[in-house]
Amino acid sequence: MAQTIAIVDYGMGNLRSVYQAFHHVAPDDNVLIAHKPEDIRTANRVVLPGQGAMPDCMKHLQESGLLDALLEASKSKPLLGVCVGEQMLFDQSAEVRSGQEQWTACLGLIPGEVRRFDLAGQKQADGSAYKVPHMGWNQVRQDCKHPLWEGIPDLTSFYFVHSYYVVPQRKEDIAGSTEYGDWFTSAVARGNIFATQFHPEKSAEYGLKLYKNFVSWQP
């Protein structure tokens, strides 16, 4: 029986590649871009993508009218966060503006915070400086057994574009880690929620496999 997969559209991010990826792995399902609360409330699964600065993302989400429906869905429906969509799941996010650290309240679904890479002065193995944003392919170590890792080899490379990363309070919420200057959390899992810092839709075969796993996941 066909199910509905809602991709939350709050005006922050190009959703076309995410939509196309889910349409590819779930051709018999109803994949839709969710513009109104009812789209989320009637969906079987919810995907929260995002890109941009956290204050703008949270402001747009609140103004979109989708926030309450998203929070309701997060209590019971399979929910997948991607990139800033992963970061939004946490309690708060720090941004340095004019030399001062400023905090933005996020969704508070997973305990922890979001931090910016601080890699000044650190060198990579080839002698070059680490760059922020972290951009390109990098390996993900699977820190727990999870249905969304099914059929994906440990240390598979995925595609990243980000300047911030999540710092979970609870070690048991960490599903994957990646080394860039130091180890950081690149995937999280808690109950019916799974989220990645990397972009599965830009990560070739195994990125699509992760999306396909999400489509059939029964948390």
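This text goes with the structure placed above it.
Fair warning: this is a prediction, and the values are worked out from it, not measured in the lab. (Residues numbered from 1 in each chain as written. Predicted model: local features only at pLDDT ≥ 70, side-chain atom pairs only at ≥ 80, totals over all residues. Heavy atoms only, no water.)

Caption draft 1: Structural context of the state of the cysteines. Per the stated rule, a full pass over the model turns up 0 disulfides. Cysteine C57 is unpaired, with the sulfur of C83 as its nearest cysteine sulfur at 9.0 Å. (Disulfide = S-S within 2.5 Å.)

Caption draft 2: Highlighting the side chain of Q87. Inspection of the secondary structure assignment puts Q87 in helix α5 (residues 84-87). A polar contact is formed between the side chain of Q87 and the side chain of Q197, at a distance of 2.9 Å. If we ignore the near neighbours within four places in the chain, the residues touching Q87 are M54, C106, V114, Y164, Y165, V166 and Q197. (Helix = DSSP H or I, 4+ residues; strand = E, 2+ residues; numbered from the N terminus. Polar contact = N/O pair within 3.5 Å; in protein donor to acceptor, adjacent residues only side chain to side chain. Contact = heavy atoms within 4.5 Å.)

Caption draft 3: Spotlight on the side chain of H199. Among the secondary structure elements, H199 is positioned in the loop between β13 (193-196) and α6 (204-216). On the basis of relative accessibility, which here comes to 6%, the residue H199 falls in the buried class. Discounting chain neighbours no more than four positions away, the residues touching H199 are V82, C83, Y159 and V161. (Buried < 20%, exposed > 50% of the residue type's maximum accessible area, 1.4 Å probe, protein only.)

Caption draft 4: Summary view of the pattern of salt bridges. Scanning the entire structure with this criterion turns up 9 salt bridges. Close ionic contact of E72 with R41 constitutes a salt bridge, the shortest N to O distance being 2.9 Å. One end of the pair, E72, is in helix α4 (residues 67-74); the other, R41, is in helix α2 (residues 37-41), and 31 residues separate them in sequence. Using a relative accessible area of 38% as the deciding quantity, one classes E72 as partly exposed. (Salt bridge = Lys/Arg side-chain N within 4 Å of Asp/Glu carboxyl O.)

Caption draft 5: Region of interest: the packing of aromatic side chains. A full pass over the atoms with the stated rule returns 13 aromatic pairs. Ring plane angle 55 degrees and centroid distance 6.0 Å describe the contact between Y165 and F184, whose orientation is recorded as tilted. You can see Y165 sitting in strand β10 (residues 164-168) and its partner F184 sitting in strand β12 (residues 182-190), a full 19 residues away along the chain. Members of the aromatic cluster, each reached through a chain of ring pairs, are F117, Y130, F158, F160, Y165, Y180, F184 and F198. Taking NZ or CZ as reference, R45 lies 5.8 Å from the ring centre of F214, over its face. (Phe/Tyr/Trp six-rings, centres within 6.5 Å; stacked < 30°, edge-to-face > 60°. Lys NZ or Arg CZ within 6 Å of the ring centre and 35° of its normal.)

Without other data, these values stay purely geometric and don't point to any function.
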